[in-house]
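Descriptive analysis of the structure
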Amino acid sequence: MVKSDPADVVAGFYDRWANLYANAVRHAPGVGRLRRLTIEEMELDTGATVVDMGCGPGVNFPYLTEYIGQDGRLVGVDIAPEMLKRAARVDPASELVLGDGSRPPIGGEIDAVLATFVVTLFEDPEQVVDAWWSTLAPGGCLAMLNLGPMRGLAGALGNPLLRIGLRLTTPNAGRFDRNLLTVLDERMQAAQHAVEQRADRIVLYDSADGLFRVVVGTKPIHQS
Ligand SMILES: C[S@@+](CC[C@H](N)C(=O)[O-])C[C@H]1O[C@@H](n2cnc3c(N)ncnc32)[C@H](O)[C@@H]1O
């Protein structure tokens, strides 16, 4: 099994890429629409408390604040200080927490957790989903948007490019002796399965022949 990198290695990697990443994601075609769709499925109430895990430069923040409004509480968690600096510029009213999202450094009851392009970074996605789920209040929701290998002809053409992209954007990618697309797919499926096992309402959909995959699950109000 491939061990996770130490936190300072991961943080250093994302700190170096923060500027480039912040510019690239804002202009990535079609991704804004998927962020919005994912957040719509969270059915957030005005005034809700929502945590954006691995928030990066805060690209989700404008969509989230549209739903939770001025009375809502928006918390961004990230391991990379440079990412959080950029997130602070997007929404100065947000609370930003520097820390490891696999051990959520937040207190209080959380109405919703959002994690976009994050859960597949972890070696054990089920454990991470479990940690996020345990922060949720009854009736709260966890939403994830992730990349996955594409199907069919799109996959034959696009997956080799995706694989190169993964090599470039994975910290210390050389430590993997397996196809990174397989690792990505396994982790995405493990995270989805973990939500399916815990949720009493689930929304699943994908777009672009499976390149973008959305999973939204709601925690039961009454635990059995
Ligand atoms: C691919 S970026 C996604 C950023 C943002 N969620 C988005 O949708 O644009 C992954 C983010 O996860 C953060 N990250 C990686 N490992 C983390 C960890 N263990 N805890 C918290 N954040 C982490 C990185 O610093 C980076 O900002």
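Thresholds applied
- Residues numbered from 1 in each chain as written.
- Predicted model: local features only at pLDDT ≥ 70, side-chain atom pairs only at ≥ 80, totals over all residues.
- Buried ≥ 20, exposed ≤ 12 C-beta atoms within 10 Å, placed from the backbone.
- Helix = DSSP H or I, 4+ residues; strand = E, 2+ residues; numbered from the N terminus.
- Pairing = 2+ DSSP bridges.
- Right-handed = clockwise from strand over helix to strand, strands pointing away.
- Near = placed C-beta within 6 Å.
- Nonpolar A, V, L, I, M, F, W, Y, C, P; charged D, E, K, R; others polar.
- Axes fitted to C-alpha atoms, helices over the stretch in contact; angles between N-to-C directions.
- Parallel < 35°, antiparallel > 145°, perpendicular 65-115°, else oblique.
- Contact = placed C-beta atoms within 7 Å.

1. Description of the pairing of strand 2 (residues 73-78)
Of all 6 residues making up strand 2, 5 are buried, and the element is well covered by its neighbours. Pairing of strand 1 (residues 49-53) with strand 2, which is carried by 5 bridges, proceeds in the parallel orientation. Within strand 2, the position partnered with Asp52 by the bridge is Gly76. With helix 3 (residues 61-68) bridging strand 1 and its parallel neighbour strand 2, the resulting β-α-β unit is right-handed. One ladder, built from 4 bridges, connects strand 2 with strand 3 (residues 95-98); its direction is parallel. Paired with Gly76 across the two strands is Leu96, which belongs to strand 3.

2. Quick word on the site of the ligand
For the ligand, the set of nearby residues contains 19 residues, the closest of which are Tyr14, Gly54, Gly56, Gly101 and Thr116. Contributions of two or more residues to the shell around the ligand are made by helix 1 (7-27) and strand 2. Looking at which element gives the most residues to the shell around the ligand, the answer is helix 1, with 3 residues. Of the residues that constitute the shell around the ligand, the class distribution is 12 nonpolar, 5 polar and 2 charged.

3. Concerning the packing of helix 6 (residues 152-169) against helix 7 (residues 180-198)
When two helices pack together, their arrangement is given by the angle between their axes and by how far apart the axes lie. Between helix 6 and helix 7, the shortest axis-to-axis distance is 9 Å and the interhelical angle comes to 85 degrees. Taken together, helix 6 and helix 7 sit at an angle that is classed as roughly perpendicular. Each of Asn159, Leu162, Arg163, Leu166 and Arg167 in helix 6 lies in contact with helix 7, whose residues at this interface are Leu180, Leu181 and Leu184. Here the residues of the contact of helix 6 with helix 7 sort into 5 nonpolar, 1 polar and 2 charged.

4. Description of the sheet that holds strand 5 (residues 136-147)
Within the open sheet, the 7 strands sit side by side as 3-2-1-4-5-7-6. Their pairing is mixed. Edge positions in the sheet fall to strand 3 and strand 6 (201-207), since each has one partner strand and no second. Taken pair by pair, the neighbouring strands of this sheet meet at an average axis angle of 15 degrees, ignoring direction. Sheet analysis places strand 6 next to strand 7 (residues 212-218), joined by 7 bridges and oriented antiparallel. Its bridge partner being in strand 7, Ser207 is matched across the sheet by Phe212. Packed on one face of the sheet, helix 3 meets strand 1, strand 2 and strand 4 (110-116) and runs near 155 degrees to strand 2. Of the strands in this sheet, strand 5, strand 6 and strand 7 touch helix 7, which is tilted by about 20 degrees from strand 7.

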